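Survey of secondary and tertiary structure
The chain contents come next:
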Amino acid sequence: MQFDHGAVSAPDFISDQFDKLGYVVDEELSTILFLMLKLGKPLLLEGPPGVGKTEVATSLAKFLNTELLRLQCYEGLDVHSAVYEWNYQKQLLSIKIQENMHRSESEKEAHIFGEEFLLKRPLLKAITSPQAPVLLIDEIDRADEEFEAFLLELLSAFQISIPEMGTVKALHKPLVILTSNRTRELSDALKRRCLYHWVNYPDMEKEIRIVHKHLPDMQEQLIRELVRVVHTLREQKLDKSPGIAETIDWASALLALGYRELTEESIAKSLGCVLKSTDDINSIKLQGIASLLAATKIN
Amino acid sequence: MNPSQHFSGFSSLEQAIVGFGQQARELGFNVGVQETIDSLLAATSGITANKDHFRYALKAIYCCAEEDSEAFDALFNAFWNKRRHLIESKVNFKNRSNLQKKGVPSLVMVGQGKQEEGGTDTKNVSGANDMARLRKTDFSRLSEMDSKWMEEIAQKLWEQMSMRLKRKLKATPREGQLDLKRTIRASLSYGGDPIKLQYKNRKPRKPRLITILDVSGSMDKYSFFLLRFLFALRSCFEKLETFIFSTQLMRITEELQAKNLDYTLAMLSSQANHWSGGTRIGECFKTFNDQHAKRILNGDSTVIILSDGLDTGDPEDLARELKKIKLRTRQLVWLNPLKGMQGYEPVQKGMRAALPEVDVFKSAHNLDSILELEKLLMHV
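Since the model is a prediction, treat every value here as computed from it, not as a measurement. (Residues numbered from 1 in each chain as written. Chains lettered and ligands numbered in written order. Predicted model: local features only at pLDDT ≥ 70, side-chain atom pairs only at ≥ 80, totals over all residues. Heavy atoms only, no water.)

Brief notes about the overall build of chain A
A count of helices and strands for chain A gives 15 helices and nine strands. For chain A, with 299 residues in total, the buried portion stands at 49%. Look at the contacts in chain A between residues 6 or more apart in sequence, and 74% of them connect residues 24 or more apart. Total accessible area computed for chain A in this model is approximately 14,100 Å², and 51% of it derives from carbon and sulfur atoms. (Helix = DSSP H or I, 4+ residues; strand = E, 2+ residues; numbered from the N terminus. Buried < 20%, exposed > 50% of the residue type's maximum accessible area, 1.4 Å probe, protein only. Contact = heavy atoms within 4.5 Å. Areas by Shrake-Rupley, 256 points an atom, 1.4 Å probe, with all protein chains shown as cover.)

A few points about a nonpolar patch on the surface
A contiguous nonpolar patch, built from Tyr88(A), Leu92(A) and Ile95(A) and spanning about 220 Å² of accessible area, is present on the exposed surface. Within the secondary structure layout, Tyr88(A) lies in helix H5 (residues 88-98). (Patch = residues over 30% accessible without salt bridge, like charges linked within 9 Å, V, L, I, M, F, W, Y side chains within 5 Å. Salt bridge = Lys/Arg side-chain N within 4 Å of Asp/Glu carboxyl O.)

Some remarks on the sheet that holds strand S2 (residues 68-72) of chain A
Residue and element names in this part refer to chain A. Taken together, the five strands give an open sheet; going across it, the order is S2-S5-S8-S1-S9, and neighbouring strands pair in parallel fashion. The open sheet has two edge strands with one neighbour each: S2 and strand S9 (195-198). Adjacent strand axes in the sheet meet at a mean angle of 20°, parallel and antiparallel pairs treated alike. Both strand S1 (residues 43-46) and strand S8 (residues 175-180) contribute to a ladder of four bridges, which runs parallel. The residue bridging Leu45 from the neighbouring strand is Thr179, located in S8. (Pairing = 2+ DSSP bridges. Axes fitted to C-alpha atoms, helices over the stretch in contact; angles between N-to-C directions.)

Some remarks on the packing of aromatic side chains
Pairs of aromatic rings are described using the distance from one ring centre to the other and the angle between the two planes. Scanning all chains against the criterion turns up 20 aromatic pairs over all chains. Summarising the aromatic geometry, the rings of Phe18(A) and Tyr23(A) are spaced 6.1 Å apart at their centres and angled 70° between planes, so their arrangement reads as edge-to-face. Note on accessibility: Phe18(A) and Tyr23(A) belong to one class, buried. With 6.0 Å between their ring centres and 50° between their planes, Tyr62(B) and Phe72(B) make a pair best called tilted. Remark: Phe72(B) occurs in helix H4 (residues 68-80) and Tyr62(B) occurs in helix H3 (residues 51-62); sequence separation between them is ten residues. (Phe/Tyr/Trp six-rings, centres within 6.5 Å; stacked < 30°, edge-to-face > 60°.)

Re the pairing of S8(A)
All names here are of chain A. The buried fraction of S8 is high, at six of six residues. Relative to S8, strand S5 (residues 134-138) runs parallel, the two sharing four bridges. Counterpart to Ile137 in the pairing with S8 is Leu178.

Observations regarding the interface of chain B and chain A
The interface is formed by 33 residues belonging to chain B together with 35 residues belonging to chain A. Carbon and sulfur atoms supply 53% of the area that chain B and chain A bury against each other, a total of about 3,000 Å² over both sides. Counting the contacts that link chain B with chain A gives three salt bridges. Between Asp38(B) and Lys41(A) there is a salt bridge; the shortest N-O distance is 2.4 Å. (Buried area = accessible area lost by both parts, 1.4 Å probe.)

What about the nonpolar core?
With 88 residues, the main nonpolar core has Leu123(A), Ile137(A), Phe147(A) and Trp80(B) as its most contacted residues. A per-element tally of this core places helix H2 (residues 27-39) of chain A first, with eight residues. When sequence neighbours within four positions are dropped, the list of residues in contact with Leu123(A) reads Leu71(A), Ala82(A), Val83(A), Leu135(A), Ile137(A), Phe147(A), Phe150(A), Leu151(A), Leu154(A) and Ile160(A). Counting 44 residues, the second-largest nonpolar core is a separate cluster that includes Leu230(B), Ile244(B), Leu256(B) and Leu261(B). (Core = buried A, V, L, I, M, F, W, Y, C linked by side-chain atoms within 4.5 Å.)

Considering the side chain of Glu321(B)
Positionally, Glu321(B) belongs in helix H16 (residues 315-327). With sequence-adjacent residues up to four places away left out, Glu321(B) is seen in contact with Gly282(B), Phe285(B), Lys286(B) and Asn289(B).

Quick look at the confidence of the model for chain B
Residue and element names in this part refer to chain B. The share of residues in chain B with pLDDT of 70 or more is 73%, and the mean pLDDT across the chain is 74. Mean pLDDT values for the elements of chain B range from 32 in helix H7 (residues 105-117) up to 90 in H3. Here residues 1-5 is a poorly scored stretch, pLDDT under 50, and it has twelve contacts once near neighbours within four places are set aside; other chains count. Within the model, pLDDT remains below 50 along residues 84-126, and this stretch shows 67 contacts once partners closer than five positions in the same chain are excluded. For this predicted complex, the interface score ipTM comes out at 0.82, alongside a pTM of 0.62. (pLDDT = per-residue confidence, 0-100.)

Thoughts on unusual backbone geometry
Residue and element names in this part refer to chain A. In this structure, Glu139 takes a positive phi of about 55° despite not being glycine. Relative to the assigned elements, Glu139 resides in the loop between S5 and helix H8 (145-157). Positive phi, normally seen in glycine, also occurs at Phe158, with a value near 50°. Among the secondary structure elements, Phe158 is positioned in the loop between H8 and strand S6 (159-162). Using a relative accessible area of 6% as the deciding quantity, one classes Phe158 as buried.

Examining the sheet that holds strand S1 (residues 208-214) of chain B
All names here are of chain B. Taken in spatial order, the six strands make up an open sheet running S3-S2-S1-S4-S5-S6, and their pairing is mixed. Each of the sheet's edge strands pairs with one partner strand only, and the pair in question is strand S3 (249-251) and strand S6 (360-362). Sheet twist, expressed as the mean angle between neighbouring strand axes with direction ignored, is 20°. Of the strands in this sheet, S1, strand S2 (239-245) and strand S4 (301-306) are in contact with helix H12 (residues 220-233), which crosses S1 at around 165°. Together, S4 and strand S5 (329-335) form the strand contacts of H16, whose direction differs from that of S5 by roughly 135°.

Description of the pattern of salt bridges
Counted under the stated rule, the structure contains 28 salt bridges over all chains. Of the charged contacts in the structure, one is a salt bridge between Glu99(A) and Lys96(A), with a shortest N-O distance of 3.9 Å. The closest approach of N and O atoms between Asp290(B) and Lys286(B), which form a salt bridge, is 3.1 Å. Highlighted residues: Asp290(B) and Lys286(B), both in helix H15 (residues 281-296), separated by four residues, approximately one helical turn.

Here it is, written out as structure tokens:
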């Protein structure tokens, strides 16, 4: 049973529900999600990698008890993999089968361009879905500008035209979430179609809550120390700053290894969970893990 | 405060929201009627009961980038606290994302006012005229303040250019041409129907671009920017080879691959300092031919030499070595910053000796001249 948007009466309701689903959402984001449900506008989330942008969409889908359709963008993404494609093998076979039937040319043509020969990709699926899904368009900054322009059209009209079939109109407007790591600036037109929210690394308290949500067995004190170290790491100039996923990975690694506290040894053994580049690991080791630990203990 | 209780001097909340939209527009936010309508809709959804919620909602509607956030908060607070005369002085225009694009007159005024106080903020609010001026300014004649700004603009423009180039170079069809022979062979197992199409895959040809930058004393001011330009190029030419020279040749391809540009530049400049002195282009090219050319050049490469051609060595050496390079390349480009000077003639011995071998001779003294290279690079 799908969730009724009208039942969401206030932003606080969203943050409560998300909390139950295991996603810690702050007041600002919950307000914006509330607004998104009310206005039906797409939401553009920008921020560094690993701050939980994608997770917003999955949680929203769970919250609304609806399907999540995900389109991962990449350079060279085209209509065939984003919108639809004809299943031409099946079409060819069908022509072969129909060879001995006495049908007119136009009937045959209408048959092979029917819906059963259409391979629906995420965007078309989102539009034809029987109940409004959450459509996640992930890392839109990686796609080409041509695709962005196409998306713009889709997001304003919510219809797709297929030359052989005609125009497909959305039965229900999907809830669209776009994410971007900001490797390039998106066009103003696209940004203006969307609600905008910059997702930053969480503050200490929020991150502790997040880790606690994921690893309820872990001691609060250990989580606190660990998050402090991660925050110290983020302040340094690293190639790849650790995201929230790294913090959680690291915490579960420590848990699995059976460490009860952060020591030089435990950090050295599990540093690979939080730093994902040799340069970073080397530079931290060069500085000395002891000094890293000392810096976090003082605060 | 509850915004629905007092309306910042307007008679109703609706009017105040419209007024807020106008105010934001005047201050350079890229907002239109749609944003105002959205804010009105947001207000009717019961979000106005909590001021923070109201602010978050309007922020999501009005802002287009993280940098807008600060200016928005200032505007919001000033407006809804009924002190509208303070708005213009309160709103801080540092780091605005799309101000440069818009050129709203009132903004420039704000910028000028600020100049007297601090002066550091002006770079973000100066109008389009300044930008055009800077793009034409010779790199060697930049004032210190302009230089910083120039660095930012240059970085941005070059990255855009590099992005465009990248796209052009990569925009090959996913599948190549139909391979009829193989399709027919494959169709045998389906009774002669071409069910599985076979494609000829195009062999990816990676462009080879070799850049040789002069970092001698006479090039000092230019090489600083040109090196940044090469850094921007490296993302779109996978096989970009870079050398620098003054009295000696040095390969810096690997150094340029590093992620941190500032670090790389600092390291290079500390090394390059040891070599100030004359420029021996001929000798350096000889080193290039002896040690690197065979491995790097394959007859289909493009070599770009960035140098002012002021040579203290023997011009005959230069001509001879350049001829050798020419034999192994498709295109030899010489970019000379001095060419941008009025009345410049390539009369120096070195340059005169080099010119017969050079396919393209262009200037590279300011931003515009470098951006013009895009066409050339597209066909590399």
